[in-house]
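One letter stands for each residue in the lines below.
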Amino acid sequence: MEKLVLNKLELLIESFQTVLYEEDAIFLENMKDKNIAGDDIKCYMYWEWTQGVGLYGIWKLFETTNEIKYLNMVEKYFKLCFEIGLPSKNINTVAPLLTLAKFAIYKNNEDYKKVCEEWANYIYNDMPKTDFGGLQHQTSDSINNQELWDDSLFMSVLFLANWGKITNNQNYIDEANYQFLIHCYYLSDSRSGLWYHGWTFDGCNNFVNAFWARGNCWITAAIPEFLQLNISSKSEKKFLKMLLIRQLEALKKVQDESGMWHTLLDDKSSYLESSATCGFAYGILKAINLNLINNSYALIAKRAIRAILENIDDNGILDQVSYGTPMGRVSKDFYKEIPLKQMPYGQALAMLALVEVLIN
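Residues numbered from 1 in each chain as written. Predicted model: local features only at pLDDT ≥ 70, side-chain atom pairs only at ≥ 80, totals over all residues. Heavy atoms only, no water.

K.L.:
Hey, could you go over the packing of helix H1 (residues 2-19) against helix H14 (residues 344-359) for me, with residue numbers and the actual values?
P.N.:
The geometry of H1 relative to H14 is characterised by a closest axis approach of 10 Å and an angle of 150° between their N-to-C directions. Taken together, the axis directions place H1 and H14 in an arrangement best described as roughly antiparallel. With respect to the hand of their crossing, H1 and H14 are arranged in left-handed fashion. Judged by residue contacts, Glu2, Val5, Leu6, Lys8, Leu9, Leu12, Ile13, Ser15, Phe16 and Val19 of H1 engage Pro344, Gln347, Ala348, Ala350, Met351, Leu354, Val355, Val357 and Leu358 from H14. Among the residues forming the contact of H1 with H14, the class breakdown is 15 nonpolar, two polar and two charged. (Axes fitted to C-alpha atoms, helices over the stretch in contact; angles between N-to-C directions. Helix = DSSP H or I, 4+ residues; strand = E, 2+ residues; numbered from the N terminus. Parallel < 35°, antiparallel > 145°, perpendicular 65-115°, else oblique. Left-handed = near helix turned anticlockwise from the far one by under 90°. Contact = heavy atoms within 4.5 Å. Nonpolar A, V, L, I, M, F, W, Y, C, P; charged D, E, K, R; others polar.)

Here it is in structure tokens:
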């Protein structure tokens with residue numbers, strides 16, 4: 001198994017160096033009409049959440065292996081993006097800063113540190129908030145007024161938490177803890193243990209009550225990442241750990257016999273989706289490695305890892321990845337109609353999962 005994992009990782013890494021710099025034609029075409037910031041569209045070409053998650057996968061490989069080629073990939077990426085110029089600040093464009101923060105400290109790059117502080121300060125002071133102070137999930141092409149989405153914790157709050165710890169800024173740390181708590185309150189389902197894609201204070205509902213798989217996987221990955229920072233109170237840690245276990249118990253019940261999960265977790269008529277499967281495997285294995293959960297959950301992750309390995313083709317591309325998914329507002333069928341497409345975050349989540357296998 002270890003040899004197969006290493007072989008697949010090498011394929012993923014090779015392909016990822018191309019995927020990271022590919023233009024997302026659908027996104028860029030959409031931005032021509034819906035860009036709400038008015039920035040030059042080319043600034044968004046490589047600096048969005050899709051690349052941000054991908055970059056974090058590369059950074060994790062560097063942290064795990066200490067191989068300089070991964071550090072060079074990160075350095076090349078940031079050099080290009082800063083030459084082009086950064087886009088406007090929103091929930092999704094924060095995502096690359098999760099890696100930038102770590103890279104800036106590793107390289108002791110003062111310019112990059114200043115950018116991290118500027119964006120963290122924006123999240124804390126100026127990012128649009130919902131009622132009761134939740135981070136409004138404003139993106140590059142949508143205001144999403146009064147809306148909380150489960151993606152926000154991974155895309156923005158993890159960076160704020162990391163930068164708060166790095167700079168010993170208690171305001172940032174407290175805000176990150178609060179954002180986890182308010183998202184937990186409005187998005188976790190107390191009956192099933194799964195998480196809704198979103199909540200709106202304009203009507204006070206969870207939209208179409210969708211248990212979207214990739215949205216759930218951001219939670220599975222984000223909670224261990226956040227708890228690893230050790231910046232929460234004992235009671236906050238206990239609460240987040242409990243919610244993670246509740247989610248894993250629910251995921252155990254809806255895992256397909258193939259080892260994957262459906263894009264709507266509780267709907268077997270929806271297609272099986274691999275990026276969420278990678279995120280679940282990563283979060284579970286990381287939680288085990290951090291002793292947040294016991295080893296009984298390893299079986300779920302191992303089944304998922306087998307499915308992931310089967311879905312990485314000979315060119316290092318992860319198949320069965322659903323494209324970027326906005327909020328379903330009319331019907332759950334919306335999620336079933338999202339196309340499958342090669343995406344950087346698919347490669348990245350697969351890398352995160354497989355690296356965690358090696359650590360485990």
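K.L.:
Give a detailed account of the packing of aromatic side chains, specifying residues and quantitative values.
P.N.:
Applying the stated criterion across every chain yields a total of 27 aromatic pairs. Measuring from centroid to centroid gives 5.2 Å for Trp59 and Phe62, while their planes differ by 55°, and the two rings are tilted. With a gap of three residues between them, Trp59 and Phe62 both fall in helix H3 (residues 49-65), about one helical turn apart. Measuring from centroid to centroid gives 6.4 Å for Trp59 and Phe103, while their planes differ by 85°, and the two rings are edge-to-face. Of this pair, Trp59 sits in helix H3 while Phe103 sits in helix H5 (residues 97-107), and the two are 44 residues apart along the sequence. Given a relative accessible area of 3%, Trp59 falls into the buried group. Note on Phe103: relative accessible area 2%, which makes it buried. A connected cluster of aromatic rings, assembled from ring pairs, spans Trp47, Trp59, Phe62, Tyr77, Phe78, Phe82, Phe103, Tyr106 and Tyr112. Note that Lys89 overlies the ring of Tyr122, its terminal NZ or CZ placed 5.9 Å from the centroid. (Phe/Tyr/Trp six-rings, centres within 6.5 Å; stacked < 30°, edge-to-face > 60°. Buried < 20%, exposed > 50% of the residue type's maximum accessible area, 1.4 Å probe, protein only. Lys NZ or Arg CZ within 6 Å of the ring centre and 35° of its normal.)

K.L.:
Before we move on, can you summarise the environment of Ala101 with the specific residues and values?
P.N.:
With respect to the helices and strands, Ala101 occurs in helix H5. On a C-alpha basis, the gap between Ala101 and Ser296 in space is 34 Å, while along the polypeptide they are 195 residues apart. Not counting chain neighbours up to four residues away, the residues in contact with Ala101 comprise Cys116, Phe159, Trp163 and Ile166.

K.L.:
Tell me about the layout of surface pockets, and please be specific about residues and values.
P.N.:
Gaps between atoms show up when a probe of the same size as a water molecule is rolled over them. Its volume calculated, the largest pocket comes out at about 610 Å³. Lining the largest pocket are 31 residues, with Phe27, Trp49, Asp141, Gly324 and Pro326 positioned closest to its centre. Taken together, the elements giving at least two residues each to the lining of the largest pocket come down to helix H2 (25-34) and H3. Looking at the lining of the largest pocket, the element that brings in the most residues is H2, giving four residues. Here the lining of the largest pocket is built from residues that sort into 13 nonpolar, 11 polar and seven charged. (1 Å grid on protein atoms, 1.4 Å probe; cavity = no way out; pocket = protein on both sides within 12 Å on 5 of 7 lines; lining within 4 Å. Points joined across faces, edges and corners; volume = space filled by probe spheres on them.)

K.L.:
So what's going on with the environment of Phe132? Which residues, and what values?
P.N.:
Along the chain, the position of Phe132 falls in the loop between helix H6 (110-125) and strand S1 (147-149). Sequence-wise, Phe132 and Ile182 are 50 residues apart; in three dimensions their C-alpha atoms are separated by 8.3 Å. For Phe132, the residues in contact, after removing those within four places along its chain, are Tyr178, Ile182, Tyr186 and Phe201.

K.L.:
Quick rundown of unusual backbone geometry? Include the residues and the values.
P.N.:
For Asn66, which is not glycine, the phi dihedral falls at a positive 60°. By secondary structure assignment, the location of Asn66 is in the loop between H3 and helix H4 (68-84). Backbone geometry at Gln320 places phi at a positive 65°, although glycine is not the residue there. The residue Gln320 is located in the loop between helix H12 (298-310) and helix H13 (333-336) in this model.

K.L.:
Can you tell me about the pattern of salt bridges, naming the residues and giving the values?
P.N.:
When the charged atoms of two side chains with opposite charge come close together, those side chains can pair. Applying the stated rule across the entire model yields 13 salt bridges. The salt bridge involving Lys60 is made with Glu225; its shortest N-O contact spans 3.4 Å. Pair noted here: Lys60 is in helix H3 and Glu225 is in helix H9 (residues 213-228), with a separation of 165 residues, a long-range link. The exposure class assigned to Lys60 is buried, which follows from its relative accessible area of 11%. As a salt-bridge pair, Lys336 and Asp267 come within 3.0 Å of each other at their nearest N and O atoms. (Salt bridge = Lys/Arg side-chain N within 4 Å of Asp/Glu carboxyl O.)

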